[in-house]
Amino acid sequence: MAEVVLKNVYKTYGENVNVVKDFNLEVKEKEFIVFVGPSGCGKSTTLRMIAGLEEISDGELYLQDEFANFLEPKERNLAFVFQSYALYPTMSVYENIAFSLRVRKVNKDEVDKRVREVAEMLGLTAVLPNRPKDLSGGQKQRVAIGNAIIRNPKLLLMDEPLSNLDAKLRTQMRVELAKIHEKLQNTIIYVTHDQIEAMTLGTRIVVMKDGIIQQVDSPKKLYQNPINRFVASFIGSPSMNFMDGRIQINGDHMYFDVLTKSRFDEKSKFLLPNKVKRALEDRFIRGNEAILGIRPEKFSYKQKSENDQYIDVWVHARELLGSDIYAYFEFQGKQMIASVPADTEVEVDSHVRLYIDLTDACVFDKETEENYMYIDSREEKRA
Amino acid sequence: MSETVVTDTVTTSAIKGRDAAMSMAVAEAKERQKIKQKHRKIKNMSLRILANTLMALIVLCPLLYAISVAFMPSGELFTMDMNILPKHPTLVNFAQALVKIPLAKFVINSFLVAGLITIGQIVSCSLAAFSFSFLEYKGKDLLFMLVMATMMVPGEAVIISNYLTVSGLGWLDTYKGLIIPYLTSAMGIFLFRQFYLSFPISLYESAKIDGCSNLRFVLKILIPLTKSAIGAMAVYTFINAWNMYMWPLLVTGSDQMRTVQIGIGMLNSVDAQSISLMIAGVVMIILPSISIFIVGQKQLIRGMFSGAVKG
Ligand SMILES: Nc1ncnc2c1ncn2[C@@H]1O[C@H](COP(=O)(O)OP(=O)(O)O)[C@@H](O)[C@H]1O
Ligand SMILES: [Mg+2]
């Protein structure tokens, strides 16, 4: 049974400001879905439409196979965790967690039992008598989650629940959220603008831009198989590097001809590996212009195979991040990043030859920015 | 300690001595500074208290004089002498005032009217403000503007038409006529709305998803949150209603319905020479307003300002 289905859903403000456009999604039971995208792309609006806090301008919403466009929020049997926590300031933590059961007139003993269970699970037992204002940010967030999960809702919606926490606490809460999901086995739709959160939490990720779904896929697939340049650059940290150039065919070989040469660049033609070549042969390439996408970790200071291509660059900065070093260099007037193992000798302000593994590289159309390498998994199944 | 280092120790002890003397001097200077600061603080404080007392005396002058007059026999008041304090203090004025008019009945009337108006305004204003700040409906902004616009019409301008309406309903000389026209106020709606707007809308949305009804949200969440605003509003409304003069004068005719403010006026018309009598009455009826103010002043101040200063 599908938990949530959105069919051609639109949200329009005023005359014709479409904040969400033609949104189609089917969420199955027990999935952890993450909506991710830059700020203002309509993630919260979509979530609020599912919750019934915002009217649906056009399209259909089904909850547990029931038409739900016009149901009141409380009839939808879901819970919502707000970014701002939305705790009731005059009530104790206990009452905050218990509130939705009290409203439903559940008997006292049952409420007490459930509150203590949830508090135990979230590590809030010690602060049950306190008021929200006496809690730390992390504790407040836990209370908000407690208030949401006490009813054991089948569907749990969360709108950037961790964005008010500091980095360390965020990582910790992320792990806990994953645990909670495992334990409760409910369906979660989670909104964030942080792709790391999305990648670590989601079983499926919905990448949005300007109110339009770009791609819906598992974290791994999104990373390996982005549908277009936007998804490729949004998913992954540090983000993918892009080079402008031209596809050239020379006999049996296919080359990527880098458009402008950087100061130290001698060689400006990459021989494309067979996998890329095959994918490109299948498709029509308009004007032969294309964009080559290379993940930072595909650069290396050492040549690893003889198929590796290379560029000569000037490294002007580096960042040590424990297991990796980010080397910053400029190429085609844009900043690019190479991520290399920490044992590499990376010197700042030095001339370096970077080897590139192009096996998993992406090639994007110059105009539509779609990825020629993208494999539609639905087509794959059919074939 | 060995012989060889004696000279050394001598010099070091000399240095130590000098250090000690210096540190003592420093300590003394510090002590002096402390005392100086303390004195300055005390001086400032006493100056401030003096200035405030003077100011308070000037402001309270009429009230204090009224209290003094209330204890004067009327003979003392109508002389050419400057009688600030009564020469022969007497309680006759108070006794007379209580006998000449049914003051107790008036006080009860006033309490009833002011109390019901206060309760009515708090209920109606908090509900209206709730709708203006949390609910979404067509024409909300226009409606709110209309409500605010009524604040710009002076009460005197509509008092005649209000009188005609009330008399048309046959409510003249009844509690209904005294109370019902004052059961809501634009000022109160505005005050509560400002308060409610300082709460995040997600508080309401969260309650809605929790399954909480609107009324329950107001009762269980908004009212506990706005206790201080309600307190301020209650004190303010009660005092205003207690001091109403024009309206009760128009719509009441019998002793049964009069409020104290009108009743006191009667003392004057019964006997033209009875200023001291009337003032005794005034002093008596001021007591409830003042005591309400004293009880509620903390609430009043907190309520008036906590909307402005968030936190
Ligand atoms: N009431 C409104 N009227 C007009 N535009 C709105 C309204 N609410 C939100 N928007 C617009 O909708 C877009 C999407 O908002 P939102 O869903 O909150 O984005 P996000 O993806 O950051 O959560 C934003 O550009 C915002 O300006
Ligand atoms: Mg948002």
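Residues numbered from 1 in each chain as written. Chains lettered and ligands numbered in written order. Predicted model: local features only at pLDDT ≥ 70, side-chain atom pairs only at ≥ 80, totals over all residues. Heavy atoms only, no water.

In terms of helices and strands, chain A carries ten helices and 20 strands. By principal-axis analysis of the C-alpha atoms, chain A measures approximately 80 × 45 × 40 Å. Taken across its 383 residues, chain A has 53% of its residues classed as buried. Long-range pairs, those at least 24 residues apart, make up 66% of the contacts in chain A between residues at least 6 apart in sequence. By element, 46% of the accessible surface of chain A is carried by carbon and sulfur atoms, the whole surface being about 18,400 Å². With 53 positive and 58 negative side-chain charges, chain A shows a separation of 4 Å between the mean positions of the two kinds. (Helix = DSSP H or I, 4+ residues; strand = E, 2+ residues; numbered from the N terminus. Buried < 20%, exposed > 50% of the residue type's maximum accessible area, 1.4 Å probe, protein only. Contact = heavy atoms within 4.5 Å. Areas by Shrake-Rupley, 256 points an atom, 1.4 Å probe, with all protein chains shown as cover. Lys, Arg positive; Asp, Glu negative; His and termini not counted. Charge placed at Lys NZ, Arg CZ, Asp CG, Glu CD.)

Where interface size is given, it is often the accessible area lost as the parts come together that is meant. Residues and elements named next belong to chain B. For chain B, the domain assignment lists domain 1 (2–70) and domain 2 (92–306). On a C-alpha basis, the centroid separation for the pair domain 1 and domain 2 is 51 Å. Contacts between domain 1 and domain 2 engage five residues on the former and seven residues on the latter. Across the domain 1/domain 2 interface, buried area totals approximately 460 Å², and carbon plus sulfur atoms make up 81% of it. Contact with domain 2 buries area across many residues of domain 1, yet Leu-63, Val-69 and Ala-70 alone supply 79% of it, more than any other trio. Applying the counting criterion to the domain 1 and domain 2 interface returns zero salt bridges. Connecting domain 1 to domain 2 are one residue pair in polar contact (both at pLDDT 80 or more). Across the side of domain 1 that touches domain 2, the residue classes tally to five nonpolar, no polar and no charged. (Domains from an automatic or database assignment. Buried area = accessible area lost by both parts, 1.4 Å probe. Salt bridge = Lys/Arg side-chain N within 4 Å of Asp/Glu carboxyl O. Polar contact = N/O pair within 3.5 Å; in protein donor to acceptor, adjacent residues only side chain to side chain. Nonpolar A, V, L, I, M, F, W, Y, C, P; charged D, E, K, R; others polar.)

Turning next to the environment of A:Glu55. Residues and elements named next belong to chain A. Mapped onto the elements, Glu-55 comes out in the loop between helix 1 (43–51) and strand 4 (58–63). For Glu-55, a relative accessible area of 65% translates into the label exposed. Separated by 44 residues in sequence, Glu-55 and Lys-11 have C-alpha atoms that sit 7.8 Å apart. The residues touching Glu-55, leaving out its near neighbours within four places in the chain, are Lys-11 and Met-49.

Take the domain arrangement of chain A next. Residue and element names in this part refer to chain A. Along its sequence, chain A is carved into domain 1 (2–234) and domain 2 (241–382). On the domain 2 side, the residues contacting the eleven residues of domain 1 number 13 residues. Here domain 1 meets domain 2 over a buried area of about 1,100 Å², counting both sides, of which 50% is carbon and sulfur. Looking only at domain 1, the three residues that lose the most surface to domain 2 are Tyr-223, Asn-225 and Arg-229, adding up to 51% of its buried area. Between domain 1 and domain 2 we count one salt bridge in total.

Here the focus is the site of ligand 1. Residues and elements named next belong to chain A. Around ligand 1, the structure places Tyr-13, Val-19, Ser-39, Gly-40, Cys-41, Gly-42, Lys-43, Ser-44 and Thr-45. Between ligand 1 and Gly-40 there is a distance of 2.6 Å, counted from an oxygen atom to a backbone nitrogen or oxygen. Top element by residues in the shell around ligand 1 is helix 1. It accounts for three residues. Considered class by class, the residues forming the shell around ligand 1 number three nonpolar, five polar and one charged. (Near = heavy atom within 4 Å.)

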